[in-house]
Amino acid sequence: MVRRCGLLTNNREPVPLKGIEVELEVKDHVATVVSTQHYENKEDKAIEAVFVFPLPGDAAVCHFSAKVGQTEIVAEVKEKQKARDEYDDALSSGQQAFLLEESEQSPDIFSLSVGSLPPGESASIRLEYIIELAVQADDALRFCLPAVLNPRYQPQGSEGGSVQVTSVPASQVPYSLSFSARVSSPRQVSKIDSNCSLEPLQYLNAEQSQAVVKLAAGHKFDRDVELLIYYKDAHQPAAVVEAGQAPAKPGTLMGDAVVMLSVYPEFPQAVMSSLASSGEFVFLLDRSGSMGCLINNIKKSETRISSARDTLLLLLKSLPVGCYFNIYSFGSRFEHIFPTSVEYSEKTMEEALKKVNEFQANLGGTEILQPLKHIYNQPCIPSQPRQVFVFTDGEVGNTKEVLNLVKKNSTSHRCFSFGIGEGASTALIDGLAKEGGGHAQFITGADRMQAKVMQSLQFALQPTVKDILVKWDLPKGVSVTVLSPPLTSIFQGQRSLIYVQLTGQSSEATDGCVSVEYSLAGHPYQNQLHFALQPTEETGRLTIHRLCARTLIRCLETKETERGGQQDETVKVQVVDVSVQSGVSSSFTAFVAINKASKEAVQGPLLRRNIPTPSINYKACLLMEGATKKSKGSIPMMKMQSPMPPTYSYCDSIQMTMENADQKFEGGIFHSLKMRMRGSKKKSAPSTRKSADSCVEKTLASSSPTDPWLQLVSLQKASGSWELKPTLAAVLGKTSKEVEKLKPASANENVWATILALVWLHGFKSDAEVEWKLLARKAASWLLSLNAPSVTDCVVAANTLLGCNVQKDTLGL
């Protein structure tokens, strides 16, 4: 028997990928990422290594090169089929070749092929991309290095080819990761937080405007690497001008100057102080099997579905009186609580909560397209702007179909999206919010879903901005071409980016002006920004140009997908032209590099080695104590090439025992990978399904919230009030006698109960204020509407009873 040494897959095959080094450079809110992958062939035959891995969905991939020995081969961007042909021809002739291509169905998945790596030889692959950092609700800039690639569910009959992904549990990833970040800004870097262990932050200058940080040793591939960067006095409107590339022809994207405009609207306080009291709120919740997984890898953490139930409780309690709502849930099929959206009342709220409390992760796969179609087919309610909230772990394969549907209906709603858990598709979550004019949030690590969702609800309750118009005032001789899609929504304090190309020159004026005009609460407003036309950014890396190219490519690709899968050759030619000209990848192009300096041809057939990618959620939910239950209406998932082991449990924090966990999926993304398979084809194992239930989920289903403050929230009425009942006293940690004894004699029972609840929230749960702020505001509005004479006495008595010191003004009274 042959004994293999070194790094092995679960099929006992050597892994040629030894390690990944990632260097991040952040300048203000733009990040450049350089990832170097080190390969080594320790076998006695030549190999072809194939690595399918995630990248951020909006990354501009702009460089790909390979270093073999002392020879560096820089790849070129070419039309995808041409690049594939060149790669295959090179391998057939015994040359070394390298291919990097983007998924045709989801721009956050890439495939790297390292071909003809001879025995004993090493190769280093360098990949570079640029990305804007998203602004979070607490003003942090978020960078995420995707490390986890979970299976993507491909609905039957959906568009697209097939994908093959080799996946192993995160604890068994057979290669290392090193990560370092350098941050610089005109403003002070206040702090950098992460979901991973970091070495101490080091400042590089006295102003603390430059800093470096590194990932601590021993990183485990059980999570994406997330950085939250905080600047002092950050997020001011700005226009960054970058000069064109000298050799490029004037009048072309790369030959002209470009501008990246950052818009941060500040709305009048008088308008922002009154949140909307109307709207149609539609909540769309993923109930596929993977939602039964733990929300993070911390011991005894809750499952995704249980956290979603608690979140829906908060949402329903926080909705304004007078609005309409409905709740959809989906898996391989979808359900809705009401036939159409209903008016928010005590009766409809209680009916919805009763059904939400029974939600389990038992609807099979992840088919989000059909419920979205059903929502959009419902007529809008007059004077009730539609707001759609989507909760999903983002494991879908038909991303572009979904985003195209959202874009088609973007004028009738705003879409707020939430990616739950590690490995959620950035292309899907960010795309839903971008195309739907809303806001995206990711819930990972120790994040509380409730806090992030309530932040988004506050955005949704902001007055709707209408009639947005961007005007450019430029000197004579200078014209502007807008590369970004039109602005359809802006939010208080949130950044919007606009990219434009400047053609021509002016010998007189050196300044330009841009105005953003819009209507808010029936009144016209305008924000202006004056900026210098003189380039403010060096042209070495052409950072802004490549972000412009990425933006233009995505706009053109969206046009192509709007034709229902019928390829428009004109659009494709435009995409290929921009991609090749700028060196930025697209769904129609690929990077290809041929080592023409290699003197000796590689002889014989190549051994194919699939590099395993970390995968967490799918198996954790699928392999439950021997067998899974079949859920009604579920349909087969992607085909699995290797049989699944029968034992696995999250209960009591049992560790994964995953022998033979190598899985290769078909039905999704890179049809070329399947076409280039060398050697005999293996038969697929019987298709499997997403799990209906998990051992964790069984213990939590149909249970009331256990957190005292969530119990308190569950007792609130739709009007915003609480009733004086023994259950309220118990949550407050008091007896009914104690509560009744201190009630002011003239006080109404419900007024007393409501003030008790508000004082308790402010006194004991101030750290979670973002989660209960809206429902507390609703309670205060209810009290003010009564004009009750005993409010002051009740506040004093409540502080005495609860041992707090909360002022009446703090309660909004």
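A. Summary view of the overall build of the protein chain. In terms of helices and strands, the protein chain carries 19 helices and 34 strands. Of all 813 residues assigned to the protein chain, the portion counted as buried reaches 59%. Per element, the accessible surface of the protein chain, about 32700 Å² overall, is 49% carbon and sulfur.

B. Main features of the pairing of strand β24 (residues 386-392). Along β24, seven of the seven residues are buried, which leaves the element largely enclosed by surrounding structure. Here β24 shows two buried faces, one formed by R386, V388, V390 and T392 and the other by Q387, F389 and F391. Pairing geometry for strand β20 (residues 280-286) and β24, over six bridges, is parallel. Residue pairing in the sheet places V282 in a bridge with V388 of β24. As defined by bridge partners, β24 adjoins strand β25 (residues 414-420) across six bridges and the pair is classed as parallel. Residue Q387 lies in a different strand from β25, and its bridge partner there is R414. Crossover β24 to β25 through helix α6 (residues 399-408) is right-handed.

C. Focus on helix α8 (residues 449-460). Taking 1.5 Å of rise per residue, the 12 residues of α8 would be expected to cover 16 Å, and the 17 Å separating its terminal C-alpha atoms lies within 8% of that figure. Most of α8 sits inside the fold, with 10 of its 12 residues counted as buried. Looking at the buried positions of α8, the neighbouring elements they touch are β20, α3 (304-318), β24, β25, β26 (440-443) and α18 (769-786).

D. Structural context of the pairing of strand β29 (residues 496-503). Of all eight residues in β29, seven are buried; the element is thus mostly enclosed. With seven bridges connecting them, strand β19 (residues 257-263) and β29 associate as antiparallel partners. The residue bridging A257 from the neighbouring strand is L502, located in β29. Pairing between strand β28 (residues 479-482) and β29: four bridges, direction antiparallel. In the strand pairing of β29, T481 is matched with Q501.

E. Inspection of the sheet that holds strand β5 (residues 71-74) at higher detail. Overall, mixed pairing links the eight strands, which are arranged β5-β4-β9-β2-β1-β13-β16-β15 in an open sheet. Edge positions in the sheet fall to β5 and β15 (202-203), since each of these pairs with one other strand and no more. Note that strand β1 (residues 17-27) and strand β13 (residues 176-184) share nine bridges and pair parallel. Pairing of L24 across the sheet is with A181, part of β13.

F. Looking closely at the packing of aromatic side chains. Under the criterion given, the structure shown has 16 aromatic pairs. Centre to centre, the rings of F389 and F418 are 6.0 Å apart; their planes meet at 20°, and the pair counts as stacked. With F389 in strand β24 and F418 in strand β25, this residue pair connects regions lying 29 residues apart in the sequence. Across the pair, exposure class does not vary: F389 and F418 are buried alike. On the numbers, 6.1 Å between centres and 85° between planes, the contact of W472 with F531 is edge-to-face. Taken together, the residues span a long stretch of sequence, with W472 in strand β27 (residues 465-473) and F531 in strand β31 (residues 523-532) at a distance of 59 residues.

G. Region of the structure containing unusual backbone geometry. Phi at S116 takes a positive value of approximately 55°, unusual for a residue other than glycine. With respect to the helices, strands and loops of the structure, S116 is situated in strand β8 (residues 109-117).

H. Molecular detail of the environment of F588. Here F588 shows up in the loop between α10 (569-582) and β32 (589-595). In this structure F588 comes out as buried when scored by relative accessible area, which is 9%. Considered as a pair, F588 and V573 are 15 residues apart in the sequence and their alpha carbons are 9.0 Å apart.

I. Structural detail: the pattern of salt bridges. Applying the stated rule across the entire model yields 22 salt bridges. Across the pair K717 and E346 runs a salt bridge whose closest N-O atoms are separated by 3.6 Å. With a gap of 371 residues between them, K717 in the loop between α14 (708-714) and α15 (726-731) and E346 in helix α4 (residues 346-356) connect regions that are remote in the sequence. K717 sits in the partly exposed class, given a relative accessible area of 22%. A salt bridge links K725 to E723, with the nearest nitrogen and oxygen atoms 3.1 Å apart. Given a relative accessible area of 44%, K725 falls into the partly exposed group. One salt-bridge network, held together by shared partners, links K80, R84, E101 and E104.

J. Fine view of the nonpolar core. By size, the foremost hydrophobic cluster in this structure holds 82 residues, and its most contacted members are F281, F283 and F391. The greatest single-element share of this core, amounting to 10 residues, is contributed by helix α17 (residues 749-764). Contact partners of F281, with chain neighbours within four places excluded, come to L319, P320, C323, Y324, F325, N326, Q387, F389, L457, A460 and L461. Grouped together as the second largest cluster of nonpolar side chains are 57 residues, L100, L112, Y129 and V173 included.

K. How the structure looks around the packing of α3 against α18. Viewed as axis vectors pointing N to C, α3 and α18 meet at an angle of 30°, and their least axial separation amounts to 8 Å. One finds that α3 runs roughly parallel with respect to α18. Handedness of the crossing formed by α3 with α18: left-handed. Residue-level contacts link L314, L316, K317 and S318 of α3 to E771, L774, L775 and K778 of α18. The class makeup of the residues in the contact of α3 with α18 is four nonpolar, one polar and three charged.

Thresholds applied
- Residues numbered from 1 in each chain as written.
- Predicted model: local features only at pLDDT ≥ 70, side-chain atom pairs only at ≥ 80, totals over all residues.
- Heavy atoms only, no water.
- Helix = DSSP H or I, 4+ residues; strand = E, 2+ residues; numbered from the N terminus.
- Buried < 20%, exposed > 50% of the residue type's maximum accessible area, 1.4 Å probe, protein only.
- Areas by Shrake-Rupley, 256 points an atom, 1.4 Å probe, with all protein chains shown as cover.
- Pairing = 2+ DSSP bridges.
- Right-handed = clockwise from strand over helix to strand, strands pointing away.
- Expected span 1.5 Å × (residues − 1).
- Contact = heavy atoms within 4.5 Å.
- Phe/Tyr/Trp six-rings, centres within 6.5 Å; stacked < 30°, edge-to-face > 60°.
- Salt bridge = Lys/Arg side-chain N within 4 Å of Asp/Glu carboxyl O.
- Core = buried A, V, L, I, M, F, W, Y, C linked by side-chain atoms within 4.5 Å.
- Axes fitted to C-alpha atoms, helices over the stretch in contact; angles between N-to-C directions.
- Parallel < 35°, antiparallel > 145°, perpendicular 65-115°, else oblique.
- Left-handed = near helix turned anticlockwise from the far one by under 90°.
- Nonpolar A, V, L, I, M, F, W, Y, C, P; charged D, E, K, R; others polar.

These results come straight from atomic positions and should not be treated as a statement about function.
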